[in-house]
Amino acid sequence: MVATAGHDALLAYDWEDGFRNAPASADKKPFGANAQLTTKEGSNNAVRLFEPGDPEAVQIIEQAFDGTFTAEFTLTNPWWLRAVITEASSSGTAPTTHTFDGFPGDPMRIYTGNEATSTYRELQGAVVQTATITWNIPGEVTISLDGAYAFEDADATSFTQPTLNERALSYHDATLTRDDGTATDLQFVQNLSLTINLNVDMVDELGTRFAVDYSPKQRNTTIEYERIVQDTSDQERAYGDATTLQDKVENTADFSITTTNGKSGSDTNSVTFEMDDVFPDSVSRSGIGDGSADLTDALTEAAPTVRAIAENDTSTAR
C-alpha cells in the first residue's frame, strides 16, 4: 500500500446534460487556481429501530442519502458562474463578452481522482446552494461553492487534471462602485464579499433514496463591505439618505464589482457582478475610541438581483 497526499488528487467538473445525466461533452474544467474540495461528505442518515423491553437497537436502516460538498478556489475563470446564475450568452470577439443573467443554475458533475492509486470517482447531480466571493485585502479573490449532490459512483475513466489558462485575480484588480445617482468608485474599502444564496432543495420521491431532481427557491444576494470612515455618507445611506433615521428607507443604489487583469483585446480577463436597486440593510461602526485601530463602517446591502459579465478570449462559454 502507498500513503497518498492531497497533491495526488485530481479535481474537475463538467455540466450534466440534465440532472444526473452524463455530460454531453468531455470538457472537464478546472474550478480555478488553488482549487480544493474542502468538504466531501455522504450520509446514509441511519435510523435506529427499537423493540419494547430492549434498550438497544434491534435494527439500523438507511434513509435518504445526503451528499454535501464545498469547492474553494481562487478566481481565474468565470465558467463556474453557470452553476450559480445560469448558462452564459456570448457575443463579440477579442475579447468575447459572456453574460450570465437568469435563473436557475445548472447541475454539475464533479470529478475527483487519485493519481497514486489510479482511482477515480464522480459526484453526480451536484448543485450549488450558496456561493461566496471574497475579495481578501490583501490577498487573492476567493470563491467558495457550498452545495449538495445526489449520488457518488466509481468512474473507470481516468482523466488528466485540466490546466489553467488565466492568471489568478487579486484584490488590487478590483473596484467596488456604488451608484445612487452618481457612480462612485468607493475608496478605502478594507473588506468585501458577495454572497449568493440559491436556497436549493434536493427532491426525493417514492422508490429511491437518491434525489431525483433539485428545486431552487428564492435567490438572495448580499453585499458586505467595510470602509475607513472619511465622511458621513455610509451612515447616512443606511439611515435613509439623511443624517437621522428615516421612517421610510427608499434610497436604493446600483452596485457593481469589477475584477480585471487590466489588459485589453484578446488578453482581457475580467468579471463584473452587477446588482440593481440595492437596499441598505445595516451599518456597524468599529474602532470608536481605539487609538490603535482605524475608524470603520461595515455595511450590509440586500440586492434583489444579480448578473455577471465576463470578458476573455474564449469565443464560447464553457
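That block above? That's the structure.
Bear in mind that the values here come from a model prediction, so they are computed numbers and not experimental data. (Residues numbered from 1 in each chain as written. Predicted model: local features only at pLDDT ≥ 70, side-chain atom pairs only at ≥ 80, totals over all residues. Heavy atoms only, no water.)

Draft legend 1. Spotlight on the environment of Thr119. Among the secondary structure elements, Thr119 is positioned in strand β9 (residues 119–135). The exposure class assigned to Thr119 is partly exposed, which follows from its relative accessible area of 40%. Here the alpha-carbon distance between Thr119 and Thr68, two residues 51 residues apart in the chain, equals 21 Å. Discounting chain neighbours no more than four positions away, the residues touching Thr119 are Thr112, Gly113 and Asn114. In this structure the side chain of Thr119 is engaged in a polar contact, spanning 2.8 Å, whose partner is the side chain of Thr117. (Helix = DSSP H or I, 4+ residues; strand = E, 2+ residues; numbered from the N terminus. Buried < 20%, exposed > 50% of the residue type's maximum accessible area, 1.4 Å probe, protein only. Contact = heavy atoms within 4.5 Å. Polar contact = N/O pair within 3.5 Å; in protein donor to acceptor, adjacent residues only side chain to side chain.)

Draft legend 2. Seen up close, the nonpolar core. Ranked by size, the top nonpolar core spans 57 residues in total, and within it Trp80, Met108, Phe273 and Met275 carry the most contacts. Look past the residues within four positions of Trp80 in its chain and what remains in contact with it is Tyr13, Trp15, Phe31, Phe73, Leu75, Ile133, Ile143, Leu145 and Phe273. (Core = buried A, V, L, I, M, F, W, Y, C linked by side-chain atoms within 4.5 Å.)

Draft legend 3. Structural detail: empty space enclosed by the protein. If you walk through the whole model with that rule in mind, you get one cavity of 30 Å³ or more. Reported here for the largest cavity is a volume of approximately 40 Å³. Taken together, Ala83, Pro104, Gly105, Val127, Val128, Leu198, Val200, Tyr214 and Pro216 form the lining of the largest cavity. Those elements giving two or more residues to the lining of the largest cavity turn out to be β9 and β16 (208–216). A breakdown of the residues in the lining of the largest cavity according to their chemical character gives eight nonpolar, one polar and no charged. (1 Å grid on protein atoms, 1.4 Å probe; cavity = no way out; pocket = protein on both sides within 12 Å on 5 of 7 lines; lining within 4 Å. Points joined across faces, edges and corners; volume = space filled by probe spheres on them. Nonpolar A, V, L, I, M, F, W, Y, C, P; charged D, E, K, R; others polar.)

Draft legend 4. Broad picture of the pattern of salt bridges. Summed over all chains, the structure comprises 17 salt bridges. For Arg121, the salt bridge is made with Glu152, and the minimal N-O distance between the two is 2.7 Å. Residue Arg121 is found in strand β9, and its partner Glu152 is found in strand β11 (residues 151–154); the two are separated by 31 residues along the sequence. Where Arg285 meets Asp297, a salt bridge forms, and the shortest distance between an N and an O atom there is 2.7 Å. (Salt bridge = Lys/Arg side-chain N within 4 Å of Asp/Glu carboxyl O.)

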